[in-house]
Amino acid sequence: MPRCRRVSAGKLILVDGSGYLYRAFHALPPLGNSKGEPTGAVLGVLNMLNKMVKEEAPDRIAVVFDAAGPTFRDALFEQYKAHRQPMPDDLRSQIQPLFDSVAAMGLPLLRIAGVEADDVIGTLAVQGAAAGFDVVISTGDKDMAQLVGPRVSLLNTMSNTRLDRTGVKTKFDVFPEQIVDYLALVGDTSDNIPGITGVGPKTAAKWLNQYGTLDGLLEHLGDIGGKIGDNLRNELDALELSRKLARIDTAVPLGVAAVGLTAGAPDLARLAEIYTRLELRSLLKALPLGAAPQPQGAPPALTLAGTESGPANRDAARSAAGADAGAGAAGTAADGSQVFPAPPPALDYQKILSREGLDAWIAKLRAAPLIAFDTETDRLAYMQARIVGLSMSAAPGEAAYVPIGHDYPGAPTQLGLEDVLAALRPLLEDPGCLKVGHHSKLDAHVLANHGIEIRGQRYDSMLESYVLNSVATRHDVGATAEKYLGVKTTHFEDVVGKGAKQIAFNQVEVDRAAAYAAEDADVTLRLHRALWPRIEAVPPLKSVYETIEQPLMPVLYRMERAGVLVDRDLLKVQSSELASRMLELQTQCHTEAGGAFNVDSPRQLQEILFGKLGIPVMRKTPTGQPSTAEDVLEELGTSYPLPRLILEYRGIAKLKSTYTDKLPEQIDSRTGRIHTSYHQAVAATGRLSSADPNLQNIPIRTKEGRRIRQAFVAPAGFFLVAADYSQIELRIMAHLSGDASLLRAFAEDRDVHQATAAEVLGVSVEIVTAEQRRSAKAINFGLMYGMSAFGLARQLGISRGDAQKYMERYFERYPGVRRYMEETRRFARETGFVETVFGRRLYLPDIQSRNQALRQYAERSAINAPMQGSAADIIKRAMIEVDAWLRSSGLPARIIMQVHDELVLEVADGAIEDIVEPLRAHMARGADLSVPLKVDIGIGRNWDQAH
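Residues numbered from 1 in each chain as written. Predicted model: local features only at pLDDT ≥ 70, side-chain atom pairs only at ≥ 80, totals over all residues. Heavy atoms only, no water.

### Focus on the side chain of Thr-139
Summarising the element assignment, Thr-139 is placed in the loop between strand E4 (133-138) and strand E5 (152-156). On the basis of relative accessibility, which here comes to 5%, the residue Thr-139 falls in the buried class. Discounting residues that sit within four places of it in the chain, Thr-139 has contacts with Asp-16, Arg-23, Met-144, Leu-154, Leu-155 and Asn-156. (Helix = DSSP H or I, 4+ residues; strand = E, 2+ residues; numbered from the N terminus. Buried < 20%, exposed > 50% of the residue type's maximum accessible area, 1.4 Å probe, protein only. Contact = heavy atoms within 4.5 Å.)

Shown next, in the form of structure tokens:
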């Protein structure tokens, strides 16, 4: 995938400390001091570290050791490393002196509980490479070869050899991306990874060179003959286990980021003390003469261990790194290692029933560099919600809940709403008091209902989770906490109940509410401290968060607050008309079926289509029933009339139930307008979605859909102005692919579909017919969505062979597009993600799936996601810019809707001329692409007219 060449951020060295330790112990003769203490391993490791630091001069460095205790691989396979002998006592006794020495040298030393050093190194290597560092992994472990990439190489200090991609191929006869499959086939006696009986390095390499991947090999199981083929077929379960054991996890939550691995000043006095006691004379002699240093508090070792935390640890972290920087709650354990607890073992959750308690917490919040804040309400609808209580946290593990509106029989006396809000208002409206929330846009609405305009919303842990990896989890607080903190939180339904027995939050018993709400605030703060370092470690992601997602939140808040006006009477008329059309379609369906049936019943429709009418079954449901899904009916509709009628009926029924019937019920009684909710953390590609009502799904290409848009109207004295990016995804394709023909077409402002038809057919633009342009449009958009020749043939109604010829001619004319697609697939397979123009990452978990359908879908997504994601980023950037312009200019206009690539504004009649061209210019600045962004603008009294 074409990407800008980045200047190196420097060199990051990741040292396999455990590997160093064992190699030094076994390579050197037994050495000891005069007291009989063994010292050879310490001397060997320190000599290697000193040599490497001197020769490599790293900008960042970490020495990584295995922590004691089991890891996920032990859970997968109880025999994992089971044959290894216990660590010799002569080696065990040298570990602590080595740790002390490394810490005194000023080198960050990492041990992550429950995680092998390989996985820590893999995670930091990926982080470092993404942040622009040239990563050097100092190790002799062949497993690490799977990490080698454009910015990652291996260095074997003992043999002084380096491996880049070519070196890995030379050494193992496979490429880095094949190493996991190679190890799965060969096995690893040192780790007790089974592999396949009889398969050695040469056989594994031969197969992988022939079939590309292990999955490719498995697709040709029948082609492998002899005893070794039988072994392969008989040991498939062991093979998949071996692959899981061999794969290094590169997404381990660490609590520390690669960019923060800066070496500190050496504590020379401490080093001299250690070297003297161990009688390491050569190292002692190498220390500077005459130095009289004071202890520097060099970066100590890091251990992720949820069992070793407390207030002192949290205070240490805040003073060392600043809580608002998300450094993690850290402290110093007895062995000198720094602790990153997740979660703290002792939770201090309080309920506040007195003014003294509230004042004390306000003082605590004022003193904190970052606070978490959350509201509990009597209902979920944000425009009507009223506060029942508020929760807050100033430090991990410490949180409080202020109940205000719990009014069940026997509820304790609570502070008054007005008194609490008056006390908290200065804090909440202070932009200098930095705050983190989880979906904090909702809290802003709730506070606005009480006349408070919250300021200082610096972070949102929901958005942090979404920016870090949009597909890793759902981004609600419970799922996010379980994913990144390993914490199972109390769910809302656990507190209020479900279904008919659900109660309002004001009816929840105060102690139960306090535990739930305080946990929300505490977990929100801890999530930020876990997520933010990982975002900071990847500068493009940090930029996406800071310049797109976080500043967009107040823009969406203002749009939601403004709402949109709809014509209730027109909707009522439309609902009646749609009901009449549904009856007509039902009659036509009965005629085609030869009798009456319930058109809303999938079971009856199955019986009619595939039984009575004898239409061939195209696909079955998971339960074995013939499918009547929409795509199946669309395919059948090309040959049979009934499926077409059913599709039209379903479409109109959905419009009626979703819009014409429901929109009038969603009009806010206070504002007289509809207030949708815009969701930032739902769509994997970065696109916004809306709900209650969903404005994204009102069809534009049907007359019924356009009529519904006519019911979205401007108030008296105003127009609606709709501004829509023209062919935005094709323009992004031209930019990403750099294809000369596409770039030229857009530069000359030509009809790109017409230009494509001319290019593919080899004719002049002037004689391209409407049908040819339609075919070219299908090719343009079909290829962006990864469509196959089969899919294109279906869409155009032509043979698969003709569709294949179309595509071949297209790629001949647009070679840059083919190159982009090939490079993007390769990049996605190597990294597991693709990127937008602005650096947003779109992860593809199934890109290496053994399931062919899942893998192919992931490959299609890899091609399309950068364009959809870049388009999403561009419209978001435009919203931020347009909103800022309108607010600063004082013009009587505001953004009220966003739908895909379109913004809709309410503009006063007299301001149209002042708005239109500046609006076009502001939106055109949404991105600096190699082709110009074109914005189409329409004006009308309703949305349909404006569009």
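### Focus on the packing of aromatic side chains
Under the defined criterion, the tally for this structure stands at twelve aromatic pairs. Judged by centre distance (6.4 Å) and plane angle (10°), the ring pair of Phe-492 and Phe-505 falls under stacked. Of this pair, Phe-492 sits in helix H20 (residues 492-496) while Phe-505 sits in the loop between H20 and helix H21 (510-536), and the two are 13 residues apart along the sequence. Note on Phe-492: relative accessible area 26%, which makes it partly exposed. Overall, Phe-505 belongs to the buried group, its relative accessible area being 2%. Between Phe-505 and Tyr-516, the ring centres sit 5.9 Å apart and the planes meet at 50°, which makes this aromatic pair tilted. (Phe/Tyr/Trp six-rings, centres within 6.5 Å; stacked < 30°, edge-to-face > 60°.)

### Things to note about the packing of helix H35 (residues 852-889) against helix H36 (residues 912-924)
As a packed pair, H35 and H36 sit with axes 9 Å apart at the nearest point and diverge in direction by 140°. Taken together, H35 and H36 sit at an angle that is classed as oblique. As for the relative orientation of H35 and H36, their crossing is right-handed in sense. Along its contact with H35, which presents Ile-875, Ala-878, Glu-881, Val-882, Trp-885 and Leu-886, the element H36 presents Asp-914, Ile-915, Pro-918, Leu-919, His-922 and Met-923. The residue makeup of the contact of H35 with H36, split by class, is nine nonpolar, one polar and two charged. (Axes fitted to C-alpha atoms, helices over the stretch in contact; angles between N-to-C directions. Parallel < 35°, antiparallel > 145°, perpendicular 65-115°, else oblique. Left-handed = near helix turned anticlockwise from the far one by under 90°. Nonpolar A, V, L, I, M, F, W, Y, C, P; charged D, E, K, R; others polar.)

### As for the sheet that holds strand E11 (residues 371-377)
The sheet built from six strands is open, its strands ordered E10-E13-E12-E11-E14-E15 with mixed pairing. Every other strand in the sheet has two partners, leaving strand E10 (348-351) and strand E15 (457-460) as the edge strands with one partner each. Taking the axes of each pair of neighbouring strands and ignoring which way they run, one obtains an average angle of 25° across the sheet. Where E10 meets strand E13 (residues 398-403), four bridges bridge the pair, whose relative direction is parallel. Residue Asp-348 lies in a different strand from E13, and its bridge partner there is Glu-398. The strands that helix H17 (residues 440-448) touches are E11, strand E12 (387-395), strand E14 (435-437) and E15; relative to E11, the one it contacts most, it runs at about 60°. (Pairing = 2+ DSSP bridges.)

### Considerations on the pattern of salt bridges
Under the defined criterion, the tally for this structure stands at 49 salt bridges. A salt bridge links Glu-56 to Lys-11; its shortest N-O distance comes to 2.8 Å. Here the residue Glu-56 occupies a position in helix H2 (residues 40-56), and Lys-11 occupies one in strand E1 (residues 10-16), the gap between them amounting to 45 residues. Its salt-bridge partner being Glu-546, residue Arg-458 comes within 3.0 Å of it at the nearest N-O pair. (Salt bridge = Lys/Arg side-chain N within 4 Å of Asp/Glu carboxyl O.)

### Let's talk about the layout of surface pockets
Taken as a whole, the second largest pocket spans an internal volume of roughly 1900 Å³. As for the second largest pocket, its lining consists of 47 residues, of which Ile-698, Pro-699, Ile-700, Arg-701 and His-900 are closest to the centre. Those elements giving two or more residues to the lining of the second largest pocket turn out to be helix H26 (641-660), helix H27 (703-710), strand E20 (718-725), helix H28 (728-737), helix H30 (752-761) and helix H31 (770-784). Residue composition of the lining of the second largest pocket, grouped by class: 15 nonpolar, 13 polar and 19 charged. (1 Å grid on protein atoms, 1.4 Å probe; cavity = no way out; pocket = protein on both sides within 12 Å on 5 of 7 lines; lining within 4 Å. Points joined across faces, edges and corners; volume = space filled by probe spheres on them.)

### Quick word on the confidence of the model for the protein chain
Taken over all residues, the pLDDT of the protein chain has a mean of 85, while the share at 70 or more is 90%. Across residues 79-83, confidence stays below pLDDT 50; counting only partners more than four residues off in sequence or on other chains, it has 16 contacts. (pLDDT = per-residue confidence, 0-100.)

### Quick word on the sheet that holds E20
Pairing is antiparallel across the open sheet formed by four strands, whose spatial order is E23-E24-E20-E25. Only two strands of the sheet have a single neighbouring strand rather than two, namely strand E23 (893-899) and strand E25 (935-940). Strand after strand, the sheet turns through a mean of 25° between neighbouring axes, direction not considered. Direction of pairing for E23 relative to strand E24 (residues 902-908): antiparallel, over a ladder of six bridges. Among the inter-strand pairings, Met-897 is bridged to a residue of E24, identified as Val-904. H35 contacts E20, E23 and E24 of the sheet and is inclined by roughly 170° relative to E23.

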